[in-house]
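# Tertiary structure, described
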Amino acid sequence: MSPAPRLRPRPPDPSLGLRTHSAVLRAHAERLRAAAEELGGRAPQGDALRAEVNALADRCTTAANGFALAAAQLEAGRRRR
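All residue numbers here refer to positions counted from 1 along the written sequence of the relevant chain. Since the coordinates come from a predicted model, pLDDT governs what is reported: local features require at least 70, and pairs of side-chain atoms require 80 or more to be given and counted, while whole-chain, interface and lining totals use all residues. The basis for every side-chain value is the complete set of non-hydrogen atoms in the structure, without hydrogens or water.

### Remarks on the packing of helix α1 (residues 14-39) against helix α2 (residues 46-80)
Note on definitions: angles span 0 to 180 degrees between N-to-C directions of axes, and those axes are lines fitted to C-alpha atoms, for helices only across the stretch in contact. Starting at the N terminus, helices and strands are each numbered in turn, a helix being any DSSP run of H or I of at least four residues and a strand any DSSP run of E of at least two. Relative to each other, α1 and α2 sit at 165 degrees, their axes nearing to 8 Å. Overall, the two elements α1 and α2 adopt an arrangement that is roughly antiparallel. Crossing of α1 against α2: the hand is left-handed. Grouping the amino acids of the contact of α1 with α2 by side-chain chemistry returns 20 nonpolar, seven polar and seven charged. Orientation categories follow fixed angle ranges, with anything under 35 degrees roughly parallel, anything over 145 roughly antiparallel, 65 to 115 roughly perpendicular, and all other angles oblique. Crossing chirality is assigned from the near helix's rotation relative to the far helix, an anticlockwise turn below a right angle marking it left-handed and a clockwise turn marking it right-handed. Ten residues, namely Ala, Val, Leu, Ile, Met, Phe, Trp, Tyr, Cys and Pro, are considered nonpolar, four, namely Asp, Glu, Lys and Arg, are considered charged, and the remaining ones, Gly among them, are considered polar.

What follows is the structure, encoded as structure tokens:
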């Protein structure tokens, strides 16, 4: 009796990975913005620090948008095949 054929696992869906990264980055951006708000006037040079944290949150949001766009493009390309 021959051994049962081994099934190869399917590779992960790249668009799902991109969407997951996008969601994680959006969550990071929300936490950064919340932390910036909590700084208030407590931190020395609070306005400058708050501005830097908000800028980092904006960069996270921009990256998240890029990942979401790439996922949508991958999915659209698969539908055209």
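### Brief notes about the nonpolar core
In terms of nonpolar packing, the biggest core is built from five residues, these being L25, A29, A57, C60 and A64. Elements with a contribution of two residues or more to this core: α1 and α2. If one sorts the elements of this core by residue count, α2 sits on top with three residues. Look past the residues within four positions of C60 in its chain and what remains in contact with it is L25, H28, A29 and L32. Side-chain atoms within 4.5 Å are what join buried Ala, Val, Leu, Ile, Met, Phe, Trp, Tyr and Cys residues into a set we call a nonpolar core. Burial classes follow relative accessibility: with a 1.4 Å probe on protein chains only, a residue under 20% of its type's maximum area counts as buried, one over 50% as exposed, and anything between as partly exposed. Note on contacts: a residue pair qualifies if any of its non-hydrogen atoms lie within 4.5 Å across the two residues.

### Quick word on the environment of R31
Here R31 lies in helix α1. For R31, a relative accessible area of 49% translates into the label partly exposed. One polar contact links R31 to H28, side chain to side chain, over a distance of 2.6 Å. Between N or O atoms, a polar contact is any pair within 3.5 Å; within protein, one atom must be a potential hydrogen donor and the other a potential acceptor, and residues adjacent in sequence are included only when both atoms are from side chains.

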